[in-house]
Amino acid sequence: MSAANMPQRRMRADARRNYERVLTEAEVAFRERGTEASLEEIARRAGVSIGTLYGHFPTRQALLEAMLHESIDRLVATAEELLTHPSPGEALARWAGATAAHMSAYRGLASSLLSSLKDESSPLHRACQQMTAAGERLLDRARSAGHVRAEASAADMFALVNAAAWVREQVPAEQGDRLLAFMIDGLRPVAAETRRPADPGP
């Protein structure tokens, strides 16, 4: 993590090293054991006390927010780039895939993000809002082009991608991508005329 994304208070050199070590070990632990990995174990592997860890990150969600800061910025930047994609529907699908992959980086992350979306006190609430807003712009563009159902909302999109991320935690990535494609297909408008089965006759 770059110095620009560290807490705004000025750190001593040793405090900065502790901060970085905790983030590094948390990344390893969360990838190995999911977001419920032991904070005490993270502190031990980082060579700091649990009090030092909590001094930098008062809650588990605060630690997650710090870890996700740069990747969420990249997701938002990706959404901005996709706003110029020639196919609004394909742009939305690509963003959904990138977001689902991000949200499944650690086992349990998708659930943490979903619960934080409506909890304004959560350190992850801002991250959820950023992702939802980025997706909403792409969704609005796809809706205007007639590529998704008129009733599909940004909240629907976030829930769908969150579900896809949870599924990716349970199945191989290739299957997860395929299931997400099925979900995205469900957002497409229903044809005005539904084909009826041929009349079998008397």
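Owing to the predicted nature of the structure, the values given are computational and were not obtained by experimental measurement.

### Thoughts on the nonpolar core
Soluble, globular proteins show a tendency: their nonpolar side chains are buried together.
Here is step 1: Within the largest apolar cluster, 53 residues are counted, with the highest numbers of intra-cluster contacts made by Val 22, Phe 30, Ile 42, Phe 57, Leu 63, Leu 113 and Met 157.
Here is step 2: Those elements giving two or more residues to this core turn out to be helix H1 (13-33), helix H2 (39-46), helix H4 (60-82), helix H5 (88-103), helix H6 (109-117), helix H7 (125-144), helix H8 (154-170) and helix H9 (173-185).
Here is step 3: In terms of residue count, the dominant contributor to this core is H4 (10 residues).
Here is step 4: Non-local contacts of Leu 113, meaning those with residues more than four positions away in its chain, are made with Leu 68, Met 103, Leu 124, Cys 128, Met 131, Phe 158 and Asn 162.

### Observations concerning the environment of Thr 35
Here is step 1: Relative to the assigned elements, Thr 35 resides in the loop between H1 and H2.
Here is step 2: It is 9.7 Å that separates the C-alpha atoms of Thr 35 and Ser 111, two residues lying 76 residues apart in sequence.

### Thoughts on the confidence of the model for the chain
Here is step 1: Here the chain averages 84 in pLDDT, while 89% of its residues score no lower than 70.
Here is step 2: Confidence scores differ between elements of the chain, with H6 showing the lowest mean pLDDT of 78 and H2 the highest of 96.
Here is step 3: Under a pLDDT of 50 for its full length, residues 1-8 has, in the predicted model, 17 contacts with residues more than four places off or in other chains.
Here is step 4: Per-residue pLDDT stays below 50 along residues 192-196; that stretch engages in zero contacts with residues further than four places along the chain or on separate chains.

### A closer look at H5
Here is step 1: With 16 residues, H5 should cover 22 Å at 1.5 Å per step; its first-to-last C-alpha distance of 22 Å lies within 8% of that length.
Here is step 2: Among the residues of H5, those classed as buried are Pro 88, Gly 89, Ala 91, Leu 92, Trp 95, Ala 96, Thr 99, Ala 100, His 102 and Met 103. Looking straight down H5, one finds its buried side chains confined to an arc of 165°; they lie on one side.
Here is step 3: Looking at the buried side of H5, the elements it contacts are H4, H6, H7, H8 and H9.

### A closer look at empty space enclosed by the protein
In this approach the atoms are scanned with a rolling probe the size of a water molecule, which exposes any empty space left behind.
Here is step 1: Summed over all chains, the structure comprises one cavity of 30 Å³ or more.
Here is step 2: Approximately 30 Å³ is the volume found for the largest cavity.
Here is step 3: Going through the elements one at a time, H7 and H8 are the ones with two or more residues in the lining of the largest cavity.
Here is step 4: Its residues assigned to classes, the lining of the largest cavity shows five nonpolar, two polar and one charged.

### Describing the layout of surface pockets
Here is step 1: In this structure, the largest pocket occupies an estimated 270 Å³ of space.
Here is step 2: Taken together, 14 residues line the largest pocket, and the ones lying closest to its centre are Glu 27, Met 67, Leu 68, Glu 70 and Tyr 106.
Here is step 3: The class makeup of the residues in the lining of the largest pocket is six nonpolar, three polar and five charged.

### Digging into the pattern of salt bridges
Here is step 1: Tallied over the entire structure, the rule returns 12 salt bridges.
Here is step 2: We note a salt bridge from Glu 90 to Arg 94, for which the minimum N-O separation is 3.1 Å. Of this pair, Glu 90 and Arg 94 both sit in helix H5, four residues apart, which is roughly one turn of that helix.
Here is step 3: For Glu 90, a relative accessible area of 35% translates into the label partly exposed.
Here is step 4: With relative accessibility at 47%, the residue Arg 94 sits in the partly exposed group.
Here is step 5: Ionic pairing is found between Arg 168 and Asp 177, a salt bridge with its closest N-O pair at 2.4 Å.

Reading the values: the criteria
- Residues numbered from 1 in each chain as written.
- Predicted model: local features only at pLDDT ≥ 70, side-chain atom pairs only at ≥ 80, totals over all residues.
- Heavy atoms only, no water.
- Core = buried A, V, L, I, M, F, W, Y, C linked by side-chain atoms within 4.5 Å.
- Buried < 20%, exposed > 50% of the residue type's maximum accessible area, 1.4 Å probe, protein only.
- Helix = DSSP H or I, 4+ residues; strand = E, 2+ residues; numbered from the N terminus.
- Contact = heavy atoms within 4.5 Å.
- pLDDT = per-residue confidence, 0-100.
- Expected span 1.5 Å × (residues − 1).
- Arc of directions from axis to C-beta.
- 1 Å grid on protein atoms, 1.4 Å probe; cavity = no way out; pocket = protein on both sides within 12 Å on 5 of 7 lines; lining within 4 Å.
- Points joined across faces, edges and corners; volume = space filled by probe spheres on them.
- Nonpolar A, V, L, I, M, F, W, Y, C, P; charged D, E, K, R; others polar.
- Salt bridge = Lys/Arg side-chain N within 4 Å of Asp/Glu carboxyl O.

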